[in-house]
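# Structural characterization, general
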Protein chains: 2
Amino acid sequence: MIKINENYQKLQASYLFSNIAKRVSAFQQANPDKKLIKLGIGDVTRALPDACVKAFHAAVDEMANDATFHGYGPEQGYDFLREAIAKNDFQARGAQVDADEVFVSDGAKCDSGNFQEIFSTDITVAIPDPVYPVYVDTNVMAGRSGNWNEELGRYENLVYLDGNRENGFIPELPEQQVDLIYLCFPNNPTGSMATREQLKQWVDYARANKSLILYDAAYEAFVQDEDLPRSIYEVEGAREVAIEFRSFSKTAGFTGTRCAYTVVPKSCMAYTEAGEAVSVHSLWNRRHTTKFNSVSYPVQRAAEAVYSSEGQAQIKELIAYYLNNAKYIREKMEALGYECIGGVNSPYIWIDGKTDSWAFFDRLLNEAGVVCTPGAGFGKCGEGYIRISAFNSFENVTEAMERISKIL
Amino acid sequence: MIKINENYQKLQASYLFSNIAKRVSAFQQANPDKKLIKLGIGDVTRALPDACVKAFHAAVDEMANDATFHGYGPEQGYDFLREAIAKNDFQARGAQVDADEVFVSDGAKCDSGNFQEIFSTDITVAIPDPVYPVYVDTNVMAGRSGNWNEELGRYENLVYLDGNRENGFIPELPEQQVDLIYLCFPNNPTGSMATREQLKQWVDYARANKSLILYDAAYEAFVQDEDLPRSIYEVEGAREVAIEFRSFSKTAGFTGTRCAYTVVPKSCMAYTEAGEAVSVHSLWNRRHTTKFNSVSYPVQRAAEAVYSSEGQAQIKELIAYYLNNAKYIREKMEALGYECIGGVNSPYIWIDGKTDSWAFFDRLLNEAGVVCTPGAGFGKCGEGYIRISAFNSFENVTEAMERISKIL
């Protein structure tokens, strides 16, 4: 008899976005003439940079000709892209990352979901709250959690790292020992950003405890403050204890084009039951080459173009555009008397709604025709907050804030 | 302490292709002027069909404009592609598959590697021998095998379905009960093709034993004989017990472009420990939406173009070209007195070398400058055989066969 992975039975249905969709649809049916402005899902809205489009077309043309056609590429990605990444995203900022430590993939969601596979199911996992749900769900599926505790609103056996007003949504070190630690900065959903000193505490913790940090830096392009780290490898010692996830999705508008990468330093170690060190790089390489067959060649060429001088200027403009939206949203909400996190060094503004998340969501939807995301959907610590995303046109953002200002 | 998934320690290093690469490289150093002809790896060599190229370019242009830009798509793939697949690949052949049973992905390798995740680690897995190594390795990683048994040349606790001259490399039903069954037709590596009646035996077995079949039909486009099934869903009852993997890789030259799909009928069930039926479709949907973020939009548009009348004519020509190579190789080898499987309804020719696999490989390499794949690399039952692939230009294929004819 074919038996299921019973861990799937523990998963709570992800009601967040379907619940939002239901409420939005009900509103639209009741108000067919009202224009909705969506500042909910974290999806980019502006076209691919011109440099990427040109490279994309050129590579498609290569595929159209036997002589320049590309079949299977190296599973880890083409050298041209791995080298451009290592050089521009790391070495240029003084962080030591070699091209062969870069694994190109089709998405940071996939990588952050899959990476846990190479570790024992018998480890303690620490995840932030509020959190990007993929970190939690993939560990539940793998059997690293206990059951869902309805009363706590959490899974048993996971260690939750609380974000709250007091710590500015930068979690403190846990009291109990943890083995695998998920961190995300600039944070999704809160927009909070850790300093070099705060990351250093985590790196030191991981070194002292032989833990491993999975550092999600998918939003690093939004960091503008030169004092803030854009990579965990700007922190001393991180190469021994941290993996970093990056993506072209938010940096260059690749959410529908699909390209990302993961850095796995050769100096990162994990351990056998007997305490023998094993290279995390070699484990991930085995996983990656066995279950993945690289990213579309034209997409890799489009991603490479991000690093051309034309591409760099274009993504700078793209990021500045969204950051200008974010600044505008934050200023307006603060002027209305709401405390905000993010919106600086991040495309997300995390707003203390001074009421419960869904009530605030409903008010913005029904009275202003603006869709946001209720913070409670990201975990217990998100209750009372909403997330507004800066991914939209400036015209829509200003109109949304005008409407919101009228009703609050 | 971060502990590794110790199942990875059981994995045997995949020496096959690196071993081939080493021997090829040694030959090239010793014979710098000799032109090598590679008929080894199963990778296509001809350009993308023109219809796909056009659709690819048009979709890249959509991404270049805010008004037509595509961000995140549905994780399961766009409806336009799912509907084209269901209609053309199944319904048109009388097989009942609905669009929402089609999950678009970036590769059949990924899908056939990932699908096992939704099942218990406590099931018995049957895999063919010779075999596409991904089926084996991903189950070893998940902990469904015992250790590697050096003497047997196999992993403990997996059930191997022997292919051999007697059964024409179409395995018989196993003697012991198995829960998850991997089948691949047209077969990689042997090129063997099961009849409807042979598949019916497996479907009946799975129904009787509440087993599930993972049917890899990545090479179905090569099936020309109208009496042979191109999908397992052409067999009665298969919708209750079979998943099917398909790919645009070999059908339309997408190995470097990346697009595939998996069919999961809503009537397929797996079971809890307590015997309660759970929809495999809902389990896979949960896995797919949690760990995957769909395929590049322009790539999905390129794949859709395969189903246009222009695209259909072009892939027909593409497949006919490779099949003509295959026929030529098989006829030449048979004329030389070698028994062959495949080469008809398949791009692979599986040849009884009448000596050990590596010796035959070395002879073709060193005396004829032709690279093939030693059958022993695909499992114990492959010993004594080599695989020659038809993926190359007809000019190279004829030259290779001329050289081989001279030395054998």
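Residues numbered from 1 in each chain as written. Chains lettered and ligands numbered in written order. Predicted model: local features only at pLDDT ≥ 70, side-chain atom pairs only at ≥ 80, totals over all residues. Heavy atoms only, no water.

This part is about helix H6 (residues 196-209) of chain A. An α-helix turns once per 3.6 residues; consequently, residues spaced three or four apart project the same way. All names here are of chain A. A rise of 1.5 Å per residue sets the reference length of H6, with its 14 residues, at 20 Å; its end C-alpha atoms lie 20 Å apart and thus fit the reference within 8%. Among the residues of H6, those classed as buried are Leu199, Trp202, Val203, Tyr205, Ala206 and Asn209. Axial view of H6: buried residues confined to an arc of 155 degrees, hence all on one face. For H6, the exposed residues set more than 90 degrees away from the buried face come down to Glu197 and Ala208. Packing partners of the buried residues in H6 comprise strand E6 (159-162), strand E7 (180-184), strand E8 (212-216) and helix H7 (238-241). In the stretch just after H6, Lys210 is the one whose phi turns positive, near 50 degrees. (Helix = DSSP H or I, 4+ residues; strand = E, 2+ residues; numbered from the N terminus. Expected span 1.5 Å × (residues − 1). Buried < 20%, exposed > 50% of the residue type's maximum accessible area, 1.4 Å probe, protein only. Arc of directions from axis to C-beta. Contact = heavy atoms within 4.5 Å.)

Here we come to the relation of the copies chain B and chain A. Take chain B, turn it by 180 degrees, move it 0.0 Å along the axis, and it overlays chain A with an RMSD of 0.0 Å. What the superposition gives is, in effect, a two-fold axis relating one chain to the other. Residue B:His57 of chain B places its C-alpha closer to the rotation axis than any other residue of that unit, at 3.1 Å. Take the interface residues of chain B: 100% of them recur as interface residues in chain A, which is what a same-surface contact looks like. (Least-squares fit on C-alpha atoms with pLDDT ≥ 70 in both.)

Moving on: the UniProt feature "domain: Aminotransferase class I/classII large" (unreviewed entry) in chain A. Summarizing the sequence annotation, UniProt attributes the feature "domain: Aminotransferase class I/classII large" (unreviewed entry) to residues 35-404 of chain A in the numbering used throughout. The annotated region residues 35-404 of chain A carries 36% helix and 17% strand content, and the separation between its end C-alpha atoms amounts to 14 Å. (UniProt positions renumbered as here; feature names shortened; annotations may be inferred.)

Each partner contributes to the interface: chain B provides 83 residues, whereas chain A provides 83 residues. Across the chain B-chain A interface, the total number found is 8 salt bridges. Across the contact surface, chain B and chain A share 50 residue pairs in polar contact (both at pLDDT 80 or more). Of all elements in the fold, only helix H2 (50-63), helix H4 (108-114), helix H5 (133-142), strand E11 (269-271), helix H9 (280-291) and helix H10 (297-304) of chain B reach the threshold of two or more residues within the side of chain B that touches chain A. The residue inventory of the side of chain B that touches chain A, partitioned by class, reads 34 nonpolar, 29 polar and 20 charged. (Salt bridge = Lys/Arg side-chain N within 4 Å of Asp/Glu carboxyl O. Polar contact = N/O pair within 3.5 Å; in protein donor to acceptor, adjacent residues only side chain to side chain. Nonpolar A, V, L, I, M, F, W, Y, C, P; charged D, E, K, R; others polar.)

Let us look at the pairing of strand E2 (residues 102-105) of chain A. Residues and elements named next belong to chain A. Here E2 shows a buried face lined by Val102 and Val104 and a second buried face lined by Phe103 and Ser105. For E2 and strand E10 (residues 260-263), the ladder comprises 4 bridges, and the chain directions are antiparallel. Its bridge partner being in E10, Val102 is matched across the sheet by Val263. (Pairing = 2+ DSSP bridges.)

Let us look at the packing of helix H11 (residues 309-335) of chain A against helix H13 (residues 394-407) of chain A. All names here are of chain A. Two elements in contact, H11 and H13, have axes separated by 10 Å at closest approach and are oriented at 5 degrees. As the angle between them shows, H11 and H13 are arranged roughly parallel. Contact with H11, carried on its side by Tyr321, Asn324, Asn325, Tyr328, Ile329, Lys332 and Met333, involves Phe394, Glu395, Val397, Thr398, Met401, Ile404 and Ser405 of H13 and no other residues of that element. (Axes fitted to C-alpha atoms, helices over the stretch in contact; angles between N-to-C directions. Parallel < 35°, antiparallel > 145°, perpendicular 65-115°, else oblique.)

All names here are of chain A. Per the counting criterion, the structure on display carries 62 salt bridges over all chains. Note that Glu220 is salt-bridged to Arg230, the shortest N-O span being 3.0 Å. In this pair, Glu220 is assigned in the loop between E8 and H7 and Arg230 in the loop between E8 and H7, connecting sequence segments 10 residues apart. Note on Glu220: relative accessible area 8%, which makes it buried. Arg230 gets classed as partly exposed once you look at its relative accessible area, which sits at 21%. Across the pair Glu334 and Arg330 runs a salt bridge whose closest N-O atoms are separated by 3.0 Å.

The biggest cluster of nonpolar side chains holds 144 residues, and the ones touching the most others in it are A:Ile213, A:Phe248, A:Phe254, B:Ile213, B:Phe248 and B:Phe254. Ignoring anything within four residues of it in the chain, the contact list for B:Ile213 reads B:Ile181, B:Leu183, B:Trp202, B:Val203, B:Ala206, B:Ile232, B:Val241, B:Ala242 and B:Ile243. Counting residues in each nonpolar core, the second largest holds 70 residues, with A:Ile243, A:Val280, B:Val125 and B:Tyr160 among its members. (Core = buried A, V, L, I, M, F, W, Y, C linked by side-chain atoms within 4.5 Å.)

Here we come to the domain arrangement of chain A. All names here are of chain A. For chain A, the assigned domains are domain 1 (13-42 + 310-407) and domain 2 (53-307). Relative placement of domain 1 and domain 2: their C-alpha centres are 26 Å apart. Taken residue by residue, the interface counts 27 residues in domain 1 and 32 residues in domain 2. The junction of domain 1 with domain 2 conceals about 2400 Å² of combined surface from both sides, 59% of it contributed by carbon and sulfur atoms. (Domains from an automatic or database assignment. Buried area = accessible area lost by both parts, 1.4 Å probe.)

On any regular strand, side chains alternate: one points to one face of the sheet, the next to the other face. Residues and elements named next belong to chain B. Of all 5 residues in strand E7 (residues 180-184), 5 are buried, a share of seventy percent or more. Residues of E7 alternate between two faces, with Leu180, Tyr182 and Cys184 on one and Ile181 and Leu183 on the opposite face, all of them buried. With 5 bridges joining them, E7 and strand E8 (residues 212-216) adopt parallel strand pairing. Note on E8: the bridge partner recorded for Leu180 is Leu212.

Here we take up the sheet that holds strand E13 (residues 340-342) of chain A. All names here are of chain A. Taking strand neighbours across the sheet as the criterion, the 4 strands line up as E13-E14-E17-E16 in an open arrangement whose pairing is antiparallel. Looking along the sheet, the strands with just one partner apiece sit at the ends: E13 and strand E16 (373-374). Where strand E14 (residues 348-352) meets strand E17 (residues 385-389), 5 bridges bridge the pair, whose relative direction is antiparallel. What sits directly across from Asp352, in E17, is Tyr385. Relative to E17, helix H12 (residues 357-368) is tilted by about 45 degrees, and along the sheet it contacts E16 and E17.

What follows is about the packing of aromatic side chains. For the structure shown, the criterion picks out 59 aromatic pairs over all chains. Seen from their ring centres, B:Phe80 and B:Tyr297 are 6.2 Å apart, and the 85 degrees between their planes marks the pair as edge-to-face. With B:Phe80 in helix H3 (residues 79-90) and B:Tyr297 in helix H10, this pair connects stretches of sequence that are 217 residues apart. Here the aromatic cluster, defined as three or more aromatic residues joined through ring pairs, consists of A:Phe90, A:Tyr233, A:Phe248, A:Phe254, A:Tyr261 and A:Tyr307. Over the aromatic face of B:Tyr338 sits the side chain of B:Lys354, whose NZ or CZ is 4.3 Å from the ring centroid. (Phe/Tyr/Trp six-rings, centres within 6.5 Å; stacked < 30°, edge-to-face > 60°. Lys NZ or Arg CZ within 6 Å of the ring centre and 35° of its normal.)

Attention now moves to the sheet that holds E10(A). Residue and element names in this part refer to chain A. Across the sheet, 7 strands lie side by side as E2-E10-E9-E8-E7-E3-E6; this open sheet has mixed pairing. Where the open sheet ends on each side, the last strands, each with one partner, are E2 and E6. The average undirected angle you get between the axes of adjacent strands in this sheet is 20 degrees. Along the sheet face, helix H5 (residues 133-142) touches strand E3 (125-129), E7 and E8 and points at about 150 degrees away from the line of E3.

Bringing unusual backbone geometry into the picture now. The step from A:Asp129 to A:Pro130 runs through a cis peptide bond, and the omega angle for that step is 0 degrees. Its location among the elements puts A:Pro130 in the loop between E3 and H5. The residue A:Arg258 is not glycine, and still its phi comes out positive at about 75 degrees. Note that A:Arg258 resides in the loop between helix H8 (249-252) and E10. Assessed through its relative accessible area of 5%, A:Arg258 is described here as buried. A positive phi angle, close to 75 degrees, is found at B:Asn157, a residue other than glycine. By the secondary structure assignment, B:Asn157 is in the loop between strand E5 (154-155) and strand E6 (159-162).

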